[in-house]
Amino acid sequence: MKCLFCGYFDSKVIDSRATEDNAAIRRRRECLQCGKRFTTYEKIETIPVVVLKKDNSRQPFDRNKILNGLMSACKKRQVSLSQMVEFVDEIETKIYNSMEREVTSKKIGEMIMEKLKTFDQVAYVRFASVYKEFNDLNTFVEELDTLIKDKAGE
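Quick caveat: nothing in here was measured; it's all calculated off a predicted structure.

Colleague: Explain the packing of aromatic side chains to me, using residue names and the numbers behind them.
Modeller: Inspection of every chain in the model, using the stated rule, returns two aromatic pairs. Relative to Tyr96, the ring of Phe61 has its centre 6.0 Å away and its plane inclined at 90 degrees; by these criteria the two rings are edge-to-face. Within this pair, whereas Phe61 is found in the loop between β5 (58-60) and α1 (63-73), its partner Tyr96 is found in helix α2 (residues 81-97), the two being separated by 35 residues in sequence. Residue Phe61 is classed as buried on the basis of its relative accessible area of 13%. Between Phe87 and Phe119, the ring centres sit 5.2 Å apart and the planes meet at 55 degrees, which makes this aromatic pair tilted. Residue Phe87 is located in helix α2, and its partner Phe119 is located in helix α3 (residues 105-119); the two are separated by 32 residues in the primary sequence.

Colleague: I'd like a rundown of the environment of Asp15, residues and numbers included.
Modeller: With respect to the secondary-structure elements, Asp15 resides in strand β1 (residues 11-18). Its relative accessible area of 24% is what places Asp15 among the partly exposed residues. Distance in space between the C-alpha atoms of Asp15 and Thr39 is 9.4 Å, their sequence separation being 24 residues. When neighbours within four sequence positions are excluded, Asp15 is seen to be in contact with Arg26, Arg27 and Arg28.

Rules used throughout
Residues numbered from 1 in each chain as written. Predicted model: local features only at pLDDT ≥ 70, side-chain atom pairs only at ≥ 80, totals over all residues. Heavy atoms only, no water. Phe/Tyr/Trp six-rings, centres within 6.5 Å; stacked < 30°, edge-to-face > 60°. Helix = DSSP H or I, 4+ residues; strand = E, 2+ residues; numbered from the N terminus. Buried < 20%, exposed > 50% of the residue type's maximum accessible area, 1.4 Å probe, protein only. Contact = heavy atoms within 4.5 Å.

What follows is the structure, encoded as structure tokens:
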């Protein structure tokens, strides 16, 4: 860290603490050359993620949309809100860890379905029926057959 006063490139940290809103770390530093003290703030850098929709429009990533879809899929299931929030946290972490600035809604949907398959199969079928836009009973039965074959192959 470059000293504000003499320009020397080395300092020591005297004190570190979180800011009131816990959004950054406040560090009190002392220059090893001139001995003067100064304060720096460290903040986590987040890469804004944009979702590319089917109609080629772009929207900011919104974890609440995943949570709302999951709540609909898990309606009347033995799934707690904390389990759903943890589920969404895992999906969101996966998206941010990919370090991609744009992600397609298709990719997000596939990630959700992949995880739902092992999380709750009824919720999976409900989510898949909306996500894959099942148009008729045959499409629905084909998805169920695939799920049953996957389950038998375990």
